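For reference, the chains in residue letters:
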Amino acid sequence: MSLLSIFLLLNTVVFSVHSLPNAELPAFREAPAFRNGRECPKTTWLSSPDNYHDPSIIHIAMTLDVTYLRGSVAGVLSVLQHAACPENVVFHFIASHRRSDLLRTITSTFPYQTFHLYHFNTDLVKGKISSSIRRALDQPLNYARIYLADLLPMSVRRIVYFDSDLIVVDDVAKLWNIKLGAHVLGAPEYCHANFTNYFNYRFWSNPAYAAALRGRRACYFNTGVMVIDLGKWREGKYTEKLEYWMKVQKKYRIYELGSLPPFLLVFAGDVEGVEHRWNQHGLGGDNLEGLCRDLHPGPVSLLHWSGKGKPWLRLDSKRPCPLDSLWAPYDLYRHSTLFCDS
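Source: prediction; values computed, not measured.

Colleague: Tell me what's going on with the overall build of the protein chain, and back it up with residues and numbers.
Modeller: Looking only at helices and strands, the protein chain features 12 helices and 12 strands. Classification of the 342 residues of the protein chain by burial places 54% in the buried group. For the protein chain, the proportion of contacts with a sequence separation of at least 24, taken over those separated by at least 6, is 76%. About 15,700 Å² of surface is accessible on the protein chain, with carbon and sulfur atoms providing 53% of the total.

Dropping the structure here:
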């Protein structure tokens, strides 16, 4: 095990509902209990972490922070509500600050689920992040997805990574069970992309940098929905490969976006394609104005409000986009004007 893995695992924390202190965070209504049907395979993961590799267990990773907590809660509820075997779903949360407070809120909202929380030490990306076109893209926690293979136990061999601004409207087992083949990760791909939009002249004018994309299929993918083979990731040392491009960016500024370009430089054209229904992204508009957008043509299994506009903010401001009404039923936020203690 690498020194990085040891450093991260020593910072792993698993909390129970009874060990979290009180804290003032947004209040949420308690979600109903979601139970397995008789057809669901039985698992033993609760009693033995060594059984994390059980293929009937679905592992989902998400980040947790105060800003996106409302979106995270809605995302978790949507997964559980549509899962055929919700008790077989394990959530792995990554947080950098106020971990106890955040997990207390999650566990009080979903008291029938067991969650694991892992500390993301932001020093890991200190000096590797440069400013981008939107402040939210510059937050250290936005880069935690790069370190999942080190943060999670070695017995977790596959993970579904979800952003905190999406809802799932289908059984997540369908996404979990896709065949990755020889690929490290799977995601909905959008080929015939124009990579000149993602990298600037300093990138293209350097033959060594531009060579990274030479001969590769010009396929873009959104990193907010990924299925990752953590075993292959660890073997291929992909965290180090992504960090290399972060360091280049910090020194020479070869792109304007956040954590997406390093993923494109390492994985573009080498991703197991997933049906587009599993990431109807861009519903938050672009990174500057966050204007309303329509769904892409075709069926929908997951709606993703990537971009500047977030549904909970637009709903609260009484200026929602039409598609925000699809997110609203999963919002467990307890509005102070509607609920009080008196």
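Colleague: Let's hear about the side chain of Thr109: which residues, and what values?
Modeller: Counting through the fold element by element, Thr109 comes out in helix H3 (residues 99-109). Judged by its relative accessible area of 0%, Thr109 is buried. In this structure Thr109 touches Phe28, Arg29, Glu30, Ala31, Val73 and Leu332, once residues within four positions along its chain are discounted.

Colleague: Tell me what's going on with the side chain of Arg314, and back it up with residues and numbers.
Modeller: Structurally, the position occupied by Arg314 is in helix H11 (residues 311-316). Apart from the residues lying within four places of it in its own chain, the contact partners of Arg314 are Leu283, Gly284, Gly290, Leu291, Trp305, Gly309, Arg319, Pro320, Cys321 and Asp324.

Colleague: Give me the pattern of salt bridges: which residues, what numbers.
Modeller: A complete count under the given rule lists 12 salt bridges for this structure. A salt bridge links Asp165 to Lys310; its shortest N-O distance comes to 2.5 Å. Taken as a pair, Asp165 in the loop between strand S5 (158-162) and strand S6 (166-168) and Lys310 in the loop between strand S12 (302-304) and H11 lie far apart in primary sequence, 145 residues in all. When its relative accessible area of 6% is taken as the criterion, Asp165 is described as buried. The buried category is assigned to Lys310, whose relative accessible area is 4%. Close ionic contact of Arg217 with Glu189 constitutes a salt bridge, the shortest N to O distance being 3.6 Å. One end of the pair, Arg217, is in the loop between helix H7 (207-210) and strand S9 (219-221); the other, Glu189, is in strand S8 (residues 189-191), and 28 residues separate them in sequence. For Arg217, a relative accessible area of 42% corresponds to the partly exposed category.

Colleague: Could you give an account of the nonpolar core, naming the residues involved and the relevant values?
Modeller: In terms of nonpolar packing, the biggest core is built from 52 residues, with Trp233 and Phe267 touching the most fellow members. Every element with two or more residues in this core is listed here: helix H4 (148-151), S5, strand S7 (185-187), S9, strand S10 (225-229), helix H8 (230-236), helix H9 (238-252) and helix H10 (260-267). Ranked by residues supplied to this core, first place goes to H10 with 6 residues. With 50 residues, the next largest nonpolar core counts Ala74, Ile106, Val227 and Leu332 among its residues.

Colleague: Please give an account of the pairing of strand S4 (residues 115-119) that cites residues and values.
Modeller: Of all 5 residues that make up S4, 5 are buried, and the element is covered over most of its length. Neither face of S4 is left uncovered, since the one carrying Phe115, Leu117 and His119 and the one carrying His116 and Tyr118 both have all their residues buried. Bridge analysis of strand S3 (residues 89-95) against S4 gives 5 bridges, and the strand direction is parallel. Paired with Phe93 across the strands is Leu117, a residue of S4. Handedness of the crossover joining S3 and S4 through H3: right-handed.

Colleague: Lay out the state of the cysteines with the relevant residues and their values.
Modeller: Under the defined criterion, the tally for this structure stands at 3 disulfides. Covalently, Cys191 is tied to Cys219 through a disulfide, its sulfur atoms 2.0 Å apart. Classification of the bridge connecting Cys191 and Cys219 rests on its S-S torsion, roughly 95°, and on that basis the disulfide is right-handed. With Cys191 in strand S8 and Cys219 in strand S9, this pair connects stretches of sequence that are 28 residues apart. Residue Cys191 is classed as partly exposed on the basis of its relative accessible area of 36%. Taking relative accessible area as the criterion, Cys219 reaches 1% and is therefore assigned buried. The disulfide partner of Cys292 is Cys321, and the S-S distance across this bridge is 1.9 Å.

Rules behind the numbers
- Residues numbered from 1 in each chain as written.
- Predicted model: local features only at pLDDT ≥ 70, side-chain atom pairs only at ≥ 80, totals over all residues.
- Heavy atoms only, no water.
- Helix = DSSP H or I, 4+ residues; strand = E, 2+ residues; numbered from the N terminus.
- Buried < 20%, exposed > 50% of the residue type's maximum accessible area, 1.4 Å probe, protein only.
- Contact = heavy atoms within 4.5 Å.
- Areas by Shrake-Rupley, 256 points an atom, 1.4 Å probe, with all protein chains shown as cover.
- Salt bridge = Lys/Arg side-chain N within 4 Å of Asp/Glu carboxyl O.
- Core = buried A, V, L, I, M, F, W, Y, C linked by side-chain atoms within 4.5 Å.
- Pairing = 2+ DSSP bridges.
- Right-handed = clockwise from strand over helix to strand, strands pointing away.
- Disulfide = S-S within 2.5 Å.

Without other data, these values stay purely geometric and don't point to any function.
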